[in-house]
Amino acid sequence: MDQRYRLNCRPVADQRAVVQGPDYRITVLTDGLVRLERSADGVFEDRASAFAINRELPVPRFEVIETDSHVEVLTERFQLIYDRGPFSTSGLSVQVRGGVSSWHSVWRYGADPADGDGNLGGTARTLDMIDGRLPLEPGVLSRNGYAVIDDSQSLVIGDDGWVSPRPGTDEDLYVFAYGRDYSQALQALYALSGPQPLLPRWALGNWWSRYHRYSDTEYLALLDRFAAEGIPFSVAVLDMDWHLVDIDPRYGSGWTGYTWNTELFADPPAFLRELHERGLMVTLNDHPADGIRAYEQAYPAMAEALGIDPASERPIAFDVTDPDFLTAYFEILHRQLEEQGVDFWWLDWQQGPHSRVAGIDPLWMLNHFHFLDSARDGRRPLTFSRYAGPGSHRYPVGFSGDTITTWASLDFQPEFTATASNIGYGWWSHDIGGHMGGGKDDELATRWVQLGVFSPINRLHSVLSPFTSKEPWQFGREAEQAMTAALRLRHRLLPYLHTMNHRAAHQGVPLVTPMYYQYPWVDEAYRARNQYAFGSQLMVAPITTPADRQLLLGAVTAWLPPGSWVDVITELVYAGGREMRLHRGPDSIPVLAPAGAIIPLAAAEVPGNATSNPAELEVLVVVGGDGAFDLLEDDGIGAGDDPQRRASTPISFDQVAGVVQVGPATGNTGCLPARRSWTLTFLAHQAQADPAVTVDATAVSAEIRRVGRRTSVRIADVPVSATVRVDLGDSPVLAANDVEDRLFALVHRAQLSYEVKTRLYAAATADAPLTTRLSQLQALQLGPGLEAAVFELLLARPEPA
């Protein structure tokens, strides 16, 4: 294979980490990760596998105790005992040391614990045709402290970059024994299996996708309408009708195709240039399973490359196990389209895990080689395809398949997305709004778009139907406004998202993680299955069930960790350390930030399609605690692993001093605008005197705006090399919640009798102790939904005793 298809890996472990016998090998990869191999002929596998590519890791401290009957290996995290025989339940065990009960923390080969192994799940190949939940493959995190990845059947990769299946008799297991130190277990996974790559910045914006027979003029007119409506997109997805689909039956079906339909796209290169000029990157759908038939424009060149007489019109079968086919597949079939302006490929493989060679999954092969191929000529690589097992995190972005348009599907997606991080898979893209089935439901569509904004990738999609398209103006006015605001917010979040993109690639922390990552010993963190951390500064609790028809509000049960929390959209302040029922109108979902949070945004409230490093930024700050954030940006060139191509702008908040400091930028500042305008916005802030502002220690004037409980300070035209300081005064505090105004809005919206509205509002706002008001409200027998909504406002930030 060409050099670009050779994986950069270090598959052979340091021999100092190895404990070996005639037919077994134990490799202590880290203090919490051990590889267990058994081979009847004593020949062990040192090639990289689809899962394990870097076994040459720093050798941890460990002790080996040999007796006549057993070998024992001890590290700081585990104790392994093995009888040197065939792997068996009685003869091979790993006990997690410290922090987890020994009743649950012993892994025994082949054992099926009566109460389960506590595995927190990983992800699944696809959500195709799944309406609701589905079983997940295992991840590397477990409440019992251990998890196992069986790598015995995965393909292996030679030094030349080509693959082969394994013999079917050897055993090859990786035991993760990290207790509930989940972050370190994930770090070990990335150390062994490779990190998540850095995505292109443009991949983090909104994607437009629809299974529809677009023409070039219709597609461009749609993008112009989006621009006129102030709805930004950064990726244009063309589903399968870009190519010929109505073909002569003697060639088979038109499901696979590589020839533009020029009746719809008269001048494909010109069309692709138009998309690029509008600020969008382009991906085409590719169903490769049917191979190349004689009607394709590329057929003669493909046939000649593979030794087939073009005049024979012999079909060229798709055979991903043939290096010659794969080379021609890239160099002829795809390259001609990429030269016209196609940026990356949507690989829509739906035909299962079998190929002409047993043990080689075509989906894995497509993901692996397409991703490596997309890195040619200094490009930042990207592909778009389904999950193909452990190690697939190296090939983002994931396509979760054809989603059913139901509340049950929506309700599973937050958990599915967050749990995928347990196998290192951090970049799922779902069919936002649902692809097929279901029915028209403005509320469902709105809640799905709001989830999409706070998902790894936000790609709207729909099935081939005139009734299912996801343009916001296809819905009622309230839904349209909410969707438009959400899609704008996604592009405003790009500075934050791209920093988290760097964090995922270089620090091994996925963008979306379950709550138990930070709170592994708190039961509530495990119950909050649909709630997650969205990067380092935000916590999201999507609304995934229909609104209460009396309240006209959606609701979700959330767990608020200890501390103060502010909803960055509604600015309602909460005291944490408890579970609560949170209610929101159709315009938002709970997006909470802790005291000390710093969230950088693009300043434009109506952003365009461009995803470049912006000249104007707004930084949201939550007072009440110290905070720090390094804004990371880069020049977009290469894989993103060269620190010389990155720029970092530190942003900090000192709570005692009440000072925010921004800059100076360091690193590759050439990728930044020379000068920037900064708006520092303090959420739910109890304003006092006007803030004092300096740039490089010199006092400057600034534009100060106060809207409600929000204070914004704008400093214009600042060199990126400068240091900006905004001084709020000592120990600023969060403002009290405007409870009465919020209660009035809640009661006014509710579908109730006027008498109940009057009595409810009077009881809730009476000049009486909180306990008295709560008792009076309970006596009204408001019903669980209405009572919970009222109690949320009264108890969000309880009054001092």
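Student: Just to check I follow, could you spell out the pattern of salt bridges for this structure?
Tutor: For side chains of opposite charge, pairing can occur when their charged atoms come near one another. The tally for this structure, following the rule as stated, stands at 54 salt bridges. The partner of Arg 35 in a salt bridge is Asp 172, and the shortest N-O contact between them spans 2.8 Å. In this pair, Arg 35 sits in strand S3 (residues 33-38) while Asp 172 sits in strand S13 (residues 171-176), placing the two residues 137 residues apart along the sequence. Like Arg 35, the residue Asp 172 is buried in the burial classification. Ionic pairing is found between Asp 635 and Arg 645, a salt bridge with its closest N-O pair at 2.7 Å. With a gap of ten residues between them, Asp 635 in the loop between strand S32 (627-634) and strand S33 (646-654) and Arg 645 in the loop between S32 and S33 connect regions that are remote in the sequence. Take Asp 635: its relative accessible area is 26%, and that puts it in the partly exposed class. The class of Arg 645 is partly exposed, set by a relative accessible area of 30%. Residues joined in a network through salt bridges with shared partners are Asp 2, Arg 4, Glu 331, Arg 335, Glu 338, Asp 373 and Arg 376.

Student: How should the sheet that holds strand S7 (residues 78-82) be read in this particular structure?
Tutor: Adjacent strands of a sheet form backbone hydrogen bonds with each other and so pair up, either parallel or antiparallel. Read from one edge to the other, the open sheet built from five strands follows the order S5-S6-S7-S8-S9, with strand pairing classed as antiparallel. Across the chains shown, the open sheet's two edge strands, defined by having one partner strand only, are strand S5 (63-66) and strand S9 (106-108). Strand-to-strand twist across the sheet, computed as the mean angle between neighbouring axes with direction ignored, equals 15°. Pairing between S5 and strand S6 (residues 71-74): four bridges, direction antiparallel.

Student: How should I be thinking about the sheet that holds strand S31 (residues 616-621) in this particular structure?
Tutor: Taken together, the five strands give an open sheet; going across it, the order is S30-S31-S36-S40-S39, and neighbouring strands pair in mixed fashion. The outermost strands of the open sheet, each flanked by one partner alone, are strand S30 (598-602) and strand S39 (703-707). With strand direction ignored, the average angle separating the axes of adjacent strands in the sheet is 20°. Alignment of S30 against S31, held across five bridges, turns out to be antiparallel. From the neighbouring strand, Ile 598 faces S31, where its bridge partner is Val 621. The sheet contacts of helix H10 (residues 494-507) involve S30 and S31, and relative to S30 the element is tilted by about 120°.

Student: Before we go on, may I ask you to explain the environment of Pro 542 in this structure?
Tutor: As for its position among the elements, Pro 542 is in the loop between strand S24 (538-540) and strand S25 (554-560). Between the alpha carbons of Pro 542 and Gly 452 there is a distance of 9.8 Å; along the sequence they are 90 residues apart. Excluding residues within four positions of it along the chain, Pro 542 makes contact with Pro 414, Leu 451, Asn 530, Tyr 532, Val 556 and Ile 589.

Student: Got a minute to help me understand unusual backbone geometry in this structure?
Tutor: The bulk of non-glycine residues show a negative phi, and the bulk of peptide bonds are trans. Here the bond from Pro 396 into Val 397 is cis, since omega is 15°, no more than 30 degrees from zero. With respect to the helices and strands, the residue Val 397 is situated in the loop between strand S18 (384-385) and strand S19 (398-399). In this model, Gly 663 is joined to Pro 664 through a cis peptide bond whose omega is 0°. Here Pro 664 lies in the loop between strand S34 (659-662) and strand S35 (666-667). The backbone of Glu 571 shows a phi angle near 65°, a positive value even though the residue is not glycine. Locating Glu 571 in the fold gives a position in the loop between strand S26 (564-567) and strand S27 (573-575).

Criteria and thresholds
Residues numbered from 1 in each chain as written. Predicted model: local features only at pLDDT ≥ 70, side-chain atom pairs only at ≥ 80, totals over all residues. Heavy atoms only, no water. Salt bridge = Lys/Arg side-chain N within 4 Å of Asp/Glu carboxyl O. Helix = DSSP H or I, 4+ residues; strand = E, 2+ residues; numbered from the N terminus. Buried < 20%, exposed > 50% of the residue type's maximum accessible area, 1.4 Å probe, protein only. Pairing = 2+ DSSP bridges. Axes fitted to C-alpha atoms, helices over the stretch in contact; angles between N-to-C directions. Contact = heavy atoms within 4.5 Å.

Scope: geometric values only; no functional claims are made or implied.
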